[in-house]
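Okay, here's what each chain looks like letter by letter:
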Amino acid sequence: NSRVIISNQQGIHENLETIVRKHFETDYKKPIAEHTQVAFDNIRENVESQLSNDIPLRFDSFCGTGVSTGIIARNNPDALVIGIDRSVTRLSKTYNEELPDNAILVQAECADFWQLAKLAGWELVCHSIYYPNPYPKSKHIKRRWHAHPAYPLLFSLNGEVELRTNWKIYAEEFY
């Protein structure tokens, strides 16, 4: 039931390669948002305890209401799944199913959380990004996650990256 994407862009953005190269050649230095640091610190001990027991770690970035986090956790009962979203409103929505014990929802800025995870030495087995806002106008290319300065952090956490989108151009640009 995703909305139809309407764009003035007909193919991969002409400046994408230049933008991405620049981000891979520089370090991401944005200061960490205080609420993200607090959220990270609140779960760090639990996560690192599980990582020391060889429990696989998965991120569900931009998880919205956390429904996808619950599904991923139920489908991967041997893993710890962290759902990350910046919106407390979306995360506070409740549905009939409880979150499995192997799932954690975190209200945080994804890029900042990725940076903290990298600094902590966390490694993922999988990173899920489902239906991100595609910002389909050509002039908004730098708002898309694959053109964001934090994009290299996503890959520095290792693991498979699973992207789901309803806009073919977004998928082509992302990979």
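Scroll up for the structure.
Calculation criteria
- Residues numbered from 1 in each chain as written.
- Predicted model: local features only at pLDDT ≥ 70, side-chain atom pairs only at ≥ 80, totals over all residues.
- Heavy atoms only, no water.
- Pairing = 2+ DSSP bridges.
- Helix = DSSP H or I, 4+ residues; strand = E, 2+ residues; numbered from the N terminus.
- Axes fitted to C-alpha atoms, helices over the stretch in contact; angles between N-to-C directions.
- Contact = heavy atoms within 4.5 Å.
- Polar contact = N/O pair within 3.5 Å; in protein donor to acceptor, adjacent residues only side chain to side chain.
- Expected span 1.5 Å × (residues − 1).
- Buried < 20%, exposed > 50% of the residue type's maximum accessible area, 1.4 Å probe, protein only.

Enquirer: Would you mind going over the sheet that holds strand E4 (residues 126-130) with me for this structure?
Expert: Hydrogen bonds between backbone atoms are what pair the strands of a sheet, whose relative direction is either parallel or antiparallel. Ordered by their spatial adjacency, 5 strands build an open sheet running E3-E2-E1-E4-E5, and the pairing between neighbours is parallel. The open sheet terminates on both sides in strands that have one partner only, identified here as strand E3 (103-107) and strand E5 (160-164). Along the sheet, successive strands turn relative to each other by an average axial angle of 15°, direction set aside. In terms of strand pairing, strand E2 (residues 80-85) meets E3 through 5 bridges, oriented parallel. By the bridge assignment, Asp85 is partnered in E3 with Gln107. Along the sheet face, helix H5 (residues 110-120) touches strand E1 (57-61), E2, E3 and E4 and points at about 165° away from the line of E1.

Enquirer: Just checking my understanding: could you explain the environment of Asp85 for this structure?
Expert: In this fold, Asp85 is placed in strand E2. Taking C-alpha positions, Asp85 is 14 Å from Gln37, a pair spaced 48 residues apart along the chain. For Asp85, the residues in contact, after removing those within four places along its chain, are Phe62, Cys63, Gly64, Arg90, Leu91, Val106, Gln107 and Ala108. Of note is the side chain of Asp85, whose polar atom sits 3.5 Å from the backbone nitrogen of Cys63. A polar atom in the side chain of Asp85 sits 2.9 Å from the side chain of Arg90.

Enquirer: Sorry if this is basic, but what is going on with helix H2 (residues 34-52) here?
Expert: Each α-helix winds once per 3.6 residues, and so residues spaced three or four apart point in a common direction. With 19 residues, H2 ought to run about 27 Å at 1.5 Å a step, and its terminal C-alpha atoms sit 27 Å apart, in line with that. Within H2 the residues assigned to the buried category are Thr36, Ala39, Phe40, Ile43 and Val47. Close packing links the buried residues of H2 with E1, E2, E3 and H5. Downstream of H2 by one or two residues, Asp54 has phi in the positive range, about 60°.

Enquirer: Would you mind going over unusual backbone geometry with me for this structure?
Expert: Excluding glycine, residues mostly have negative phi values, and the peptide bonds linking residues are mostly trans. One non-glycine residue, Asp54, lies in positive phi territory at about 60°. Along the chain, Asp54 falls in the loop between H2 and E1. The phi angle at Tyr135 is positive, at roughly 40°, despite the residue not being glycine.

The values reported here are purely geometric and, on their own, carry no functional implication.
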